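Here is how the chains run, residue by residue.
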Amino acid sequence: MRISSWRLRGVLGALSLLVVGALIGLVGHHFVLGDEGPQPVADADAHRAAIPVFAQALGLDDDQVTSVEAILSRHQTVVTEAWAALHARLQTSADSAHGEIEALLSAEQRDKFAEWMGRQHPSSMPR
């Protein structure tokens with residue numbers, strides 16, 4: 001029995017998409033989320049460290065600096081909460097994709113997949 005070339009191409013294409021998707025997920029997880037989970041896009045300490053340079057560049061007086069600090073502090077909570085929610089959605093999606101991939105694999109392949117994922121990025125393993 002012979003597999004048609006179109007069917008073989010389709011299967012290879014689908015597998016290629018899965019591999020590319022997994023790699024993009026791993027790279028995204030590593031460079032965007034890091035090993036420690038969600039990182040604030042810009043944390044309060046970074047804002048505080050930048051304020052003196054910002055104030056000097058714009059010639060801000062003390063009242064303006066205080067106002068800028070209050071604005072950044074007020075908005076930081078929203079940014080941090082949004083980033084945490086985004087991280088949770090990304091993690092859920094990655095876990096779902098991993099589960100779907102595992103469902104396609106034999107028991108031996110699932111073991112190899114788990115080992116491969118562990119080597120690629122230990123923090124990406126399902127929780």
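Worth saying up front: this structure is predicted, and the values here are computed from it rather than measured. Within every chain, residues take consecutive numbers counted from 1 along the sequence as written. Residue-level local features of this predicted model are given only where pLDDT is at least 70; pairs of side-chain atoms are given and counted only at 80 or more, and the full residue set underlies all totals for whole chains, interfaces and linings. To obtain the side-chain values, all non-hydrogen atoms of the structure were included, while hydrogens and water were left out.

S.K.: Can you walk me through the overall build of the chain in this structure?
M.R.: The helix count covers DSSP runs of H or I at least four residues long, the strand count covers runs of E at least two residues long, and both are numbered beginning at the N terminus. Counting its secondary structure elements, the chain contains four helices and zero strands. Out of the 127 residues in the chain, the part that is buried amounts to 17%. Residue pairs at least 24 apart in sequence account for 68% of intrachain contacts in the chain once pairs closer than 6 positions are excluded. When the accessible surface of the chain is split by element, carbon and sulfur atoms take 62% of a total near 9,500 Å². Relative accessibility thresholds used throughout: buried, under 20% of the residue-type maximum; exposed, over 50%; partly exposed, between the two (1.4 Å probe, protein chains only). Here, residues are in contact when the closest pair of their heavy atoms is within 4.5 Å. Areas reported here follow the Shrake-Rupley algorithm with a probe of radius 1.4 Å; residue values treat only the protein chains shown as occluding.

S.K.: Whenever I open this one, the pattern of salt bridges confuses me. Can you help?
M.R.: Oppositely charged side chains may form a pair once their charged atoms are brought near each other. Note on definitions: salt bridges are taken to be side-chain nitrogens of Lys or Arg within 4 Å of carboxyl oxygens of Asp or Glu. Across all of its chains, the model carries one salt bridge by this definition. For the salt bridge of Glu108 with Lys112, the shortest nitrogen-to-oxygen distance reads 3.2 Å. Of the two residues, Glu108 and Lys112 both sit in helix α4 (residues 107-120), four residues apart, roughly one turn of that helix.

S.K.: How should the packing of helix α3 (residues 62-104) against α4 be read in this particular structure?
M.R.: To describe two helices that pack against each other, one gives the angle between their axes and the distance between the axes. Helix axes use the C-alpha atoms of the stretch in contact, all axes being lines fitted to C-alpha atoms, and the angles between their N-to-C directions lie in the range 0 to 180 degrees. As a packed pair, α3 and α4 sit with axes 8 Å apart at the nearest point and diverge in direction by 145 degrees. In this structure, the crossing between α3 and α4 has a hand that is right-handed. Contacts between α3 and α4 involve His98, Ile101, Glu102 and Leu104 on the former and, on the latter, Gln109, Arg110, Phe113 and Met117. Crossings are sorted by hand: turned counterclockwise from the far helix by less than a right angle, the near helix makes the crossing left-handed, and turned clockwise it makes it right-handed.

S.K.: Can you walk me through α3 in this structure?
M.R.: A turn of α-helix holds 3.6 residues, and therefore any two residues three or four places apart point the same way. Here the expected span of a helix is defined as 1.5 Å times the quantity of residues minus one. Taking 1.5 Å of rise per residue, 43 residues should cover 63 Å, and α3 covers 62 Å from first to last C-alpha, within 8% of that figure. One axis fitted to the seven residues ending at a residue, another fitted to the seven starting there: the angle between these axes is the bend at that residue. Maximum bend of α3: about 25 degrees, positioned at Gln76. Those residues of α3 not exposed but buried are Val65, Val68, Gln76, Trp83, His87, Gln91, His98 and Ile101. N or O atoms within 3.5 Å of each other form a polar contact, as long as, within protein, one can give a hydrogen and the other can take it, and as long as residues adjacent in sequence are counted only when both atoms are side-chain atoms. With a side-chain oxygen positioned 3.1 Å from the backbone nitrogen of Asp63, the residue opening α3 is Asp61.

S.K.: What exactly am I supposed to notice about the confidence of the model for the chain here?
M.R.: As a note on interpretation, predicted positions should not be read in detail where pLDDT is low. Of all residues in the chain, 66% attain a pLDDT of 70 or more, and the chain-wide mean is 76. Per-residue confidence from the predictor is reported as pLDDT, which spans 0 to 100. At the level of individual helices and strands, the chain shows its lowest average pLDDT in helix α1 (residues 5-33), which scores 65, and its highest in α4, which scores 89.

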